[in-house]
Amino acid sequence: MGLISLTPWDLTLAALLVLALAMLSLKLSLGIGRRLLIATLRTVVQLSLLGLVLKFLFVQSHPLLIAALALFMLMVAGYEVMARQQRRFIGVWGMGVGTLSMFISSFSVTLIALTVIIQAQPWYSVQYTIPLLGMLLGNTMSGIAIALDNLTLNAWQQQREIEGRLMLGHTWEQAIREIRRSALRSGLIPIINAMAAAGVVSLPGMMTGQILAGSPPFEAAKYQILIMLLIASGTGFGASAAVWIGSRRLFDERERLRLDRLKSSKR
Amino acid sequence: MSGLALKQFGTPLLDPFDLSLAPGECVTLSGPSGSGKSRLLRAIADLDPHQGEAWCDGTRQQALSAPVWRRRVALLPAESAWWSERVGDHFEQLDADTLDLLKLPADAADWQVTRLSSGERQRLALLRVLSIEPDVLLLDEPTANLDHTNIERVETLIARWRKEQGTAVFWVSHDPAQRQRVSERSLRIESRRLVSEWD
């Protein structure tokens, strides 16, 4: 059982389906056709490039090159988190909070997986590093973006309640406690749902890929379990870090609520 | 030694000024809307960045942590905030005697916040801020939503607190008659400056 290689023609057929969808959008004036086509183009270009880069890295497996690619992925993820905020922090914090949290969680979880659990030789081998990091970044990115968005939006809307508590001598941590908790919960719900539905409703992407590539299904299942557990912990720790750093940043050294440190972003 | 002392204190709407309130003294404040009365009270409670220095009973603002300062120099805002369902959850303790101070029934602690009238909110918010026993009380229109009887009750209660606890009071009020009733000294904000209303 080997892998059936896809021809350009196969991909063109799939692309025609998206094109048909874009035509439908135009016909019904959904106004989403343009964005759909741009996103499709991005997928094709980005994934092809990644394939080429990985192909190169498989041959030229220098740790510095791998580190550079990992850093690039982190920066793009950090930008994405920022772009998804309705109220984002001004200045370097806008991108900083999300990027730092993802760095702390995704990188350390990937590192643990590579060195302690999988024990590839060498531990930084491209075949494991980049796919693992990619899966983790992609998922923690969503969790962190949702949690931060929830945090800043609620702080903005509940200014009176937060300040009302500060006026009565509550500390900043008491004043933001419920908002923090709800932000963290909202960031974790997607991965909890994904774990609950895995294998029953949905066949996760990585397992599908491994099976398509000819791996024994049970091996694929074990890898998928590993990935799910890593993603859950990475998302959880990443969202906690983001909510902690973000909520700290909402207050200054005199524990004043500083909503002037947020700005609304037009989408 | 004084209840509250401000030195070269300034906000974005107010040029720097000096002011001091003796323990138990009440000073009222008025001025056109938008002149920065509420902003001034917020700055004194250290909720907004500001210029100059503030002392409470001889202790510098910066020498105390912000929560401790705000318990000693407590602000009652014009619109009170309620974050839990039950009234009693907003108090460290709330007994029938306290509620009786403003003629609220003994079971008010179990009331739902969403069902409070604006007058009940205002009276409960006053009891709440008094319950943390501040040295200085900053009041922003504390009787705006109250009827005549309740205005009288609130004024009497605050007068009693000044006398018994030595609480200094800085009171924003739109009502000239009320300013005459409750204070010996009244200030006005006029073109970014604090001036005396009467001599």
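Computed from a prediction, not measured in an experiment: that's the story for all the values here.

### Description of the overall build of chain A
Then, in step 1: Check the secondary structure of chain A and you find nine helices and two strands.
Then, in step 2: In chain A, the order of α-helices and β-strands from amino to carboxyl end is α-α-α-β-α-α-α-α-α-α-β.
Then, in step 3: Taking the principal axes of the C-alpha coordinates as reference, chain A spans close to 70 × 55 × 40 Å.
Then, in step 4: By residue count, 32% of the 267 residues in chain A fall in the buried class.
Then, in step 5: When contacts within chain A are restricted to residue pairs at least 6 apart in sequence, long-range pairs at least 24 apart make up 74% of them.

### Some thoughts on the nonpolar core
Nonpolar side chains in soluble globular proteins tend to end up buried together.
Then, in step 1: By size, the foremost hydrophobic cluster in this structure holds 97 residues, and its most contacted members are I144(A), A147(A), V73(B) and L138(B).
Then, in step 2: Looking at this core, the element that brings in the most residues is helix α5 (residues 126-157) of chain A, giving 15 residues.
Then, in step 3: Leave out the neighbours within four places in its chain, and A147(A) touches A183(A), L184(A), S186(A), G187(A), A239(A), A242(A) and V243(A).

### What to know about the interface of chain A and chain B
Then, in step 1: Of the residues lining the interface, 14 residues belong to chain A; the matching set on chain B comes to 18 residues.
Then, in step 2: Considered class by class, the residues forming the side of chain A that touches chain B number three nonpolar, four polar and seven charged.

### So, helix α1 (residues 8-27) of chain A
The α-helix winds at 3.6 residues per turn, so residues separated by three or four positions along the chain end up facing the same way.
Residue and element names in this part refer to chain A.
Then, in step 1: Between its first and last C-alpha atoms α1 spans 28 Å; for 20 residues at 1.5 Å apiece the expected length is 28 Å, and the two agree.
Then, in step 2: The buried count for α1 comes to zero of 20 residues, which makes it a mostly uncovered element.
Then, in step 3: Positive phi shows up at S29, right after α1, with a value of about 40 degrees.

### Quick notes on the sheet that holds strand β10 (residues 193-196) of chain B
All names here are of chain B.
Then, in step 1: Overall, mixed pairing links the six strands, which are arranged β6-β7-β8-β3-β9-β10 in an open sheet. Of all the strands in the sheet, just β6 (73-76) and β10 have a single pairing partner and so form its edges. In this sheet, adjacent strand axes meet at a mean angle of 20 degrees when their direction is disregarded.
Then, in step 2: Here strand β7 (residues 136-140) runs beside strand β8 (residues 168-172); their pairing, made up of five bridges, is parallel. Within β8, the position partnered with L137 by the bridge is V169.

Reading the values: the criteria
Residues numbered from 1 in each chain as written. Chains lettered and ligands numbered in written order. Predicted model: local features only at pLDDT ≥ 70, side-chain atom pairs only at ≥ 80, totals over all residues. Helix = DSSP H or I, 4+ residues; strand = E, 2+ residues; numbered from the N terminus. Buried ≥ 20, exposed ≤ 12 C-beta atoms within 10 Å, placed from the backbone. Contact = placed C-beta atoms within 7 Å. Core = buried A, V, L, I, M, F, W, Y, C linked by C-beta atoms within 7 Å. Nonpolar A, V, L, I, M, F, W, Y, C, P; charged D, E, K, R; others polar. Expected span 1.5 Å × (residues − 1). Pairing = 2+ DSSP bridges. Axes fitted to C-alpha atoms, helices over the stretch in contact; angles between N-to-C directions.

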